[in-house]
Amino acid sequence: MQSAKETATNIAASAKAGMEKTKAAVLGQAEKMTTRDPVKKEMAEQKKEARMQEAEGMKHEARAENAATRREQGVGLGHGPGHTTTTGMTGHTGEGPLGGVSTGTTTTGARVKDPRTTAGGHGTTGYGSGPTY
């Protein structure tokens, strides 16, 4: 849940930075259009670049802050609620067309479904587009 919140916050920061960059570009262009003096045009271009860099910096600060919050809370490190392990699975052969798909049980005793079978229990090779009989 926290990872989704972090992602949403990062997307919002990127969107805000994009809007600020667009605003900087428009303002810079407007300033350049209102003057004929090359020095003022250059100053307008420098202001525009500074605004764009500031917006990008704010975005990076927000992302760093979100990552720091995640690390403080231990989210996204595989230690949150509902964390399960996939190590120690039995039935792992490393042979066959799927190259090592585990078809045994997990360490918790939950049965892992063989992905090479369909819902009806009929085996499939994974080749061709026709029905299996």
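Now for a look at the structure at hand. These numbers were taken from a predicted model, which means no experiment stands behind them. (Residues numbered from 1 in each chain as written. Predicted model: local features only at pLDDT ≥ 70, side-chain atom pairs only at ≥ 80, totals over all residues. Heavy atoms only, no water.)

Across its full length, the protein chain carries two helices and zero strands. Relative to its full complement of 133 residues, the protein chain shows a buried share of 14%. Accessible surface computed for the protein chain: about 10000 Å², of which carbon and sulfur atoms make up 56%. (Helix = DSSP H or I, 4+ residues; strand = E, 2+ residues; numbered from the N terminus. Buried < 20%, exposed > 50% of the residue type's maximum accessible area, 1.4 Å probe, protein only. Areas by Shrake-Rupley, 256 points an atom, 1.4 Å probe, with all protein chains shown as cover.)

Before going further, it helps to spend a moment on helix H1 (residues 2-33). Over its 32 residues, H1 extends 46 Å from the first C-alpha to the last, a length consistent with the 46 Å expected when each residue adds 1.5 Å. Where H1 is concerned, the buried positions are Glu6, Asn10, Ala13, Ala17, Ala24 and Gly28. For H1, the elements touching its buried residues are helix H2 (38-73). (Expected span 1.5 Å × (residues − 1). Contact = heavy atoms within 4.5 Å.)

With respect to the helices and strands, lysine 59 occurs in helix H2. Here lysine 59 falls in the buried class, since its relative accessible area comes to 17%. A distance of 3.2 Å separates the side chain of lysine 59 from the side chain of glutamate 56, its partner in a polar contact. Here lysine 59 is in contact with Ala13, Ser14 and Ala17, once residues within four sequence places are set aside. (Polar contact = N/O pair within 3.5 Å; in protein donor to acceptor, adjacent residues only side chain to side chain.)

Here the structure, examined in full by the defined rule, presents eight salt bridges. Glutamate 20 is the partner of lysine 23 in a salt bridge, and the nearest nitrogen-oxygen pair spans 3.9 Å. Residue lysine 23 and its partner glutamate 20 are both found in helix H1; the two are separated by three residues, about one turn of the helix. Exposure remark for glutamate 20: the relative accessible area of 31% places this residue in the partly exposed category. Between arginine 51 and glutamate 31 there is a salt bridge, with the nearest N and O atoms lying 3.3 Å from each other. In this pair, arginine 51 is assigned in helix H2 and glutamate 31 in helix H1, connecting sequence segments 20 residues apart. Accessibility expressed as a relative area gives 25% for glutamate 31, which makes it partly exposed. One salt-bridge network, in which partners are shared between bridges, spans Lys21, Glu56 and Lys59. (Salt bridge = Lys/Arg side-chain N within 4 Å of Asp/Glu carboxyl O.)

Moving on, we get to H2. With 36 residues, H2 should cover 52 Å at 1.5 Å per step; its first-to-last C-alpha distance of 53 Å lies within 8% of that length. Residues of H2 that are buried: Ala44, Lys48, Ala55, Lys59, Asn66 and Ala67. Contacts made by the buried residues of H2 are with H1. Glycine 74 occupies a position one or two residues after H2 and carries a positive phi of about 75 degrees.

Here the focus is the side chain of lysine 48. The topology assignment puts lysine 48 in helix H2. Classification of lysine 48 as buried rests on a relative accessible area of 16%. If we skip the residues at most four places from it in the chain, lysine 48 touches Ala24, Ala25 and Gly28.

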